[in-house]
Amino acid sequence: MKTRLPLKREQFHETPSTLLHNDYFHVELFRYPAGVEAVRISNQRGTVIVLPFYGQMVWDATFDGHSLTMGHSFKQPLLGSSIIDTYGCFAFHSGLLANGCPAPDDEHPLHGEMACARMDSAWMVLEQDRVSLEGETEYVKGFGHHYLASPAVRLHANAPRLQIEMNVTNLAGAPMPLQYMCHLNSAWLANGRFKQSIPQDAFKLRTSIPAHVKPTPQWTAYTDQLARDPQALQQLDQPEMCDPEIVFFADDLAQYGHEVQFELHAPEGYALMTRFDSRQFPHATRWLLHNHDQQVAAYVLPSTCRPEGFNAAQRAGTLIELAPGEKRHFSVETGIL
């Protein structure tokens, strides 16, 4: 049996209010001082904070006492038109018409229009052993594209993980381009080790340098080494080498099986994990950055293409085309192993 509870913006205040409390879950509604609405969902193992009307970002996630979220400088989520206006969340939806870092010949914003989308509606779905936050936003432009995006975040009782979903439907009478990445900004675990169900040598170093990356002599020498031997970076034991960022790509994941799993093991004995279907996400990115302002070890970013912009995906043949009325579903499970 399912119970659906609509959420309205006027329900959210700076003083948290309880929406649900039972043996399995506790759900609170509150509003950050900056004005962003938030839902705090807790089960027996941890807590996630989701922004129901702001791109349905997962602002924070903690399980078994371990934070999953990158280190950052933001005290709270801030309203903006680009993800860089509020780059402190654990996860956001990158896309949907374009994805990744725009190249000089691209015209789209960094990580696309969905990341900071104003959601039209949001609601909670309560089941016996699962609670979900769902929502919808309709994107429409005169003489342009028209789609419905329906994201969801789900938590099961007594599980140290969450499920992040996205459904996209083309409502236009013409084909629609689709690029999507579930952008997981995972915590930097000092001396953590990578492990995955695909071969280590599947990851190749990104050799292009986006405009926001300012190489240093030390970084250039280190990445030259990694270009020759990408497997040299299997442990987070040299944070000073990850400033600026270091990025790896793995392509054609379906050759390694339908379900793929990626892990980051901490010396303390726990591990972060992410699993997904390679038929939905044929590409994976590994993004590492450690400096005074950000500390992130995104050990896997599931995606439909490399995050190098619209035109790069078009040239590579990895740009999805949705026919009128066609729908795509994406699902990622992530949390503590």
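Just above, that's the structure.
Note that this is a predicted model, so its numbers are computed, not measured.

Some remarks on helix α1 (residues 217-228)
Next, step 1: If you check α1, its first and last C-alpha atoms are 17 Å apart, about what twelve residues at 1.5 Å a residue would give, namely 16 Å.
Next, step 2: Listing the buried residues of α1 in full gives Trp219, Tyr222, Thr223 and Leu226. Along the axis of α1, the buried positions cluster into a sector of 95°, meaning they face one direction only. In α1, the exposed positions that point more than 90 degrees away from the buried face belong to Pro217 and Arg228.
Next, step 3: Contact partners of the buried residues in α1: β15 (204-205) and β16 (246-250).

Here's the deal with the pattern of salt bridges
Next, step 1: Following the criterion strictly, the structure yields 14 salt bridges and no others.
Next, step 2: The residue Glu245 makes a salt bridge to Arg206 at a minimum N-O spacing of 2.9 Å. Within this pair, whereas Glu245 is found in the loop between α1 and β16, its partner Arg206 is found in the loop between β15 and α1, the two being separated by 39 residues in sequence.
Next, step 3: Owing to a relative accessible area of 8%, Glu245 belongs among the buried residues under this scheme.
Next, step 4: Through salt bridges with shared partners, a single ionic network connects Arg9, Arg31 and Glu37.

Thoughts on the packing of aromatic side chains
For any two aromatic rings, the description comes down to two numbers: the centre-to-centre distance and the angle of the planes.
Next, step 1: Evaluated as defined, the whole model comprises eleven aromatic pairs.
Next, step 2: When the ring of Tyr87 is compared with that of Trp287, the centres are 6.1 Å apart and the planes differ by 70°; the resulting orientation is edge-to-face. With Tyr87 in the loop between β7 (66-67) and β8 (91-96) and Trp287 in strand β19 (residues 283-290), the pair connects residues that are 200 residues apart, well separated along the chain.
Next, step 3: Its relative accessible area of 11% is what places Trp287 among the buried residues.
Next, step 4: Every member of this aromatic cluster is reached through a ring pair, and the members are Tyr180, Phe203, Phe262, Phe276, Phe281 and Phe330.
Next, step 5: Cation over ring: Arg286 sits above Phe194, and NZ or CZ is 4.0 Å from the ring centre.
Next, step 6: Just above the ring of Phe203 sits the side chain of Arg286; from NZ or CZ to the centre is 4.2 Å.

Some words on the sheet that holds strand β1 (residues 3-7)
Next, step 1: Strand order in the open sheet formed by nine strands is β1-β9-β10-β11-β12-β22-β18-β17-β14, and the pairing between neighbours is antiparallel. If you trace the sheet from one side to the other, it starts and ends with β1 and β14 (193-196), each paired once. Neighbour to neighbour, the strand axes of the sheet diverge by 15° on average, direction disregarded.

Side note on unusual backbone geometry
Next, step 1: Here the bond from Gly95 into Leu96 is cis, since omega is 10°, no more than 30 degrees from zero.
Next, step 2: Positive phi, close to 45°, is recorded for Gln56, a residue that is not glycine.
Next, step 3: Checked against the element boundaries, Gln56 lands in the loop between β5 (46-50) and β6 (58-63).
Next, step 4: Using a relative accessible area of 1% as the deciding quantity, one classes Gln56 as buried.
Next, step 5: With a phi angle near 50°, Asp252 is a residue other than glycine that sits in the positive phi range.
Next, step 6: Turning to its location among the elements, Asp252 is positioned in the loop between β16 and β17 (259-265).
Next, step 7: The exposure class of Asp252 is partly exposed, given its relative accessible area of 46%.

Cut-off values and rules
- Residues numbered from 1 in each chain as written.
- Predicted model: local features only at pLDDT ≥ 70, side-chain atom pairs only at ≥ 80, totals over all residues.
- Heavy atoms only, no water.
- Helix = DSSP H or I, 4+ residues; strand = E, 2+ residues; numbered from the N terminus.
- Expected span 1.5 Å × (residues − 1).
- Buried < 20%, exposed > 50% of the residue type's maximum accessible area, 1.4 Å probe, protein only.
- Arc of directions from axis to C-beta.
- Contact = heavy atoms within 4.5 Å.
- Salt bridge = Lys/Arg side-chain N within 4 Å of Asp/Glu carboxyl O.
- Phe/Tyr/Trp six-rings, centres within 6.5 Å; stacked < 30°, edge-to-face > 60°.
- Lys NZ or Arg CZ within 6 Å of the ring centre and 35° of its normal.
- Pairing = 2+ DSSP bridges.
- Axes fitted to C-alpha atoms, helices over the stretch in contact; angles between N-to-C directions.

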